[in-house]
Amino acid sequence: MYNSYLILLRLCREIKPDIKGKFLISVHSQNKNLFHLTIGEQLNSTDNIVLEFSAVAHSPYLLRRKYFKPAGRNLIYFFRENLPQRIVDIRIAFAERIIMLILESGYLFITLRGKDSNIFCSDHSFSSGLSVRKTELKLKDILGNDLEFIEPDKSVVDRIHSRMNSSNDSLSEMTFLGKELLRELKASGSGNPTDLLNGKVVSVLTDKLLLVRNAISGSLTIRPESFFNDEEVIAGYNDAVSALQEFVAQNRKQASASGIRKQLLSGVKKDLEFNLLREEKLNDILNSEDRSAFYDKAANLLMINRDTIPSGSKNADLIDIFDDEKLVSIPLKSELSLNQNIERYFRKARGEKMKFENAKVSLSETRQKIVDLKAKLILFESMEQEQLKEFGKKTTVISREEKTYPNNARIRKFLIDGKWEVLVGKDSESNDVLTQKVAKQSDYWFHARGSSGSHTVLRFSGKDKPPKEIIKKVAQLAAFYSRAKNSKLVPVAYTQKKYVGKRKGMNPGQVFMLREEVVMVPPEIPVGCTQDNEDQ
């Protein structure tokens, strides 16, 4: 009931002595749907007070807070031609959450109306109705409802009784009293309805106010001390100003913790989904046919029968001396020489064997990641607010979606020996993104020399060069993802990224090197290399 009519009425009673006769200096905003009214005698005085008004559709509120000087960034002022003006008095519409500040030369209306919550400024003739928000509900619509604006410090009980008698409204239909007050009346049982209503209204307006938390939902609310309560009491306050201040502060902390939890869970769930899919694909690989033995046999049969196979053949029908001399048909690439076809089958045999070996290792690692991620889900879901807040300070959560590279670049990611990260571009545009935007100056850059191919980057931040063994393995990847992948050995140029540049007018993927070293390697996926992501 923090923003119910009666609590709003009580707030107006409490702030009236502090604002009546003072100047409404400004109305400004720095955040969407959050507005501040500065009230006092002079600009930037620490004695000024601020009324904070939230126009968020599902939870509008008004509260008083200590003066603060707004920062200049994203600051918007409203009604500058009409302010400052002295506040003559404050009124509240009977049975409506509409507050009217009577100014020397006009009025300021604060309306709590869900999505139509707003602040309006008008002159005495109501000929103009400026507002801080664009809403369907206009000032003329509000004033056309025959509203009765009353002094907040006058008794409201008689008016409630009068309304009941004149309109024949049942008590349950007088929703402006608030759901909690109506529930209290219903639970009170027998007794004089007038006396019961009078007592409950007086309780809301004068009782100590409790800030309570629902044990199931964790939501907060404000409740008079005399009302029935079976929820956790956080604190009690003798005035509505303090109760509302703490309510909003606690809600912001709770929302912050909820945001951290949501961010943490979102990142973990995306990683879990990715690894579950990866586990499925690795199982598919391990359950598929291992053709390394066939490729190895094909290469050996081609070597044995090299003198009988015509150049440019698309197929070789040979007697399989390894399997009861059965006839075996071996497809060939006619554009390659026989030696190249033999080397291609040997390379396919190595690649097939490594595919299964790497899949076994990756499957074990992926299953462990899945176990860890499921444990993280349980941990984050059960963390208390303060734990989440501390965890959020120490942890930067980047979801898998946020890890994707700019311009939707298609970049492969590999791990060599479980710790050396290697990134490989998949096309000219991705090569540019990888080299120009992703790679750091200290990284090492690789490319097949004299042949088009993928830009390959070894992540590195040490002072010395990476180990020679790692350089060779990364070079093998660069050679494998190049047009020279069918060669026996490929020259691969490498240097630090800081020596790689791109001149204006160069084609996509084209760069130049200021210095380079060259290493000769076979084009293949090296031993101990696993792909850490699916091809994007």
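Residues numbered from 1 in each chain as written. Predicted model: local features only at pLDDT ≥ 70, side-chain atom pairs only at ≥ 80, totals over all residues. Heavy atoms only, no water.

### With respect to the pattern of salt bridges
Rule in force here: By definition here, a salt bridge exists when the distance from a side-chain nitrogen of Lys or Arg to a carboxyl oxygen of Asp or Glu is within 4 Å. For helices the rule is a DSSP run of H or I covering at least 4 residues; for strands it is a run of E covering at least 2, with both sets numbered from the N terminus onward. Relative accessibility under 20% of the residue-type maximum defines a buried residue, over 50% an exposed one, and the middle range a partly exposed one, all with a 1.4 Å probe and only protein chains included.
Throughout the structure, instances matching the rule amount to 30 salt bridges. As a salt-bridge pair, R213 and E232 come within 3.4 Å of each other at their nearest N and O atoms. With R213 in strand β12 (residues 209-213) and E232 in strand β14 (residues 232-237), this pair connects stretches of sequence that are 19 residues apart. R213 sits in the buried class, given a relative accessible area of 18%. Taking the relative accessible area as the measure of exposure, E232 reaches 45% and is therefore partly exposed. Here E516 makes a salt bridge to R449, at a shortest N to O gap of 3.1 Å. Of the two residues, E516 sits in the loop between β23 (512-513) and β24 (517-521) while R449 sits in the loop between β19 (444-448) and β20 (456-458), which places them 67 residues apart along the sequence. Since its relative accessible area comes to 37%, E516 is described here as partly exposed. Residue R449 is classed as partly exposed on the basis of its relative accessible area, which comes to 45%.

### So, the pairing of strand β18 (residues 420-425)
This is how the line gets drawn: At least two DSSP bridges between two strands are required for those strands to pair.
Most of β18 is tucked away: 5 of the 6 residues are buried. In this sheet, β18 lies alongside strand β17 (residues 411-416) in antiparallel orientation, the contact comprising 6 bridges. Within β18, the residue paired with I411 across the bridge is G425. Counted along the chain from β17 to the antiparallel partner β18, the turn is 3 residues long, and its residue D417 has a positive phi close to 55°.

### Focus: a nonpolar patch on the surface
Stated precisely, the cut-off is as follows: Here a patch means residues that are over 30% exposed by relative accessible area and free of salt bridges, tied together within 9 Å if like-charged and within 5 Å if nonpolar (Val, Leu, Ile, Met, Phe, Trp, Tyr). For the area figures, the Shrake-Rupley method with a 1.4 Å probe applies, and any residue is considered shielded solely by the protein chains shown.
Together, I304, I319, I321, F322 and L327 give the surface a local cluster of nonpolar side chains, amounting to about 540 Å² of exposed area. Along the chain, I321 falls in the loop between β15 (315-320) and β16 (326-331). You can call I321 partly exposed: its relative accessible area is 49%.

### Thoughts on the packing of helix α1 (residues 5-19) against helix α6 (residues 240-287)
Keep this limit in mind: Structural elements are reduced to axes, namely lines fitted to C-alpha atoms, with helices fitted over the stretch in contact, and the angle between N-to-C directions of any two is expressed from 0 to 180 degrees. Angular relationships are summarised with four words: roughly parallel below 35 degrees, roughly antiparallel beyond 145, roughly perpendicular across 65 to 115, and oblique for the angles in between. Between two residues, a contact is recorded if the distance between any of their heavy atoms is within 4.5 Å.
Put simply, α1 and α6 touch, their axes get as near as 9 Å, and they point 120° apart. Classified by the angle between their axes, α1 and α6 sit oblique to one another. Only A240, V241 and L244 of α6 make contact with α1, whose side of the interface consists of I7, R10, L11, E14 and I15.

### Considering helix α7 (residues 292-304)
Just so we agree on the cut-off: An expected span of 1.5 Å times one less than the residue number is assigned to each helix.
Here α7 is 13 residues long and its end C-alpha atoms lie 18 Å apart, about the 18 Å a rise of 1.5 Å per residue gives. Three or more residues of α7 are buried, namely S292, Y295, A298, A299, L301 and L302. Along its buried surface, α7 packs onto β15, β16 and α8 (338-382).

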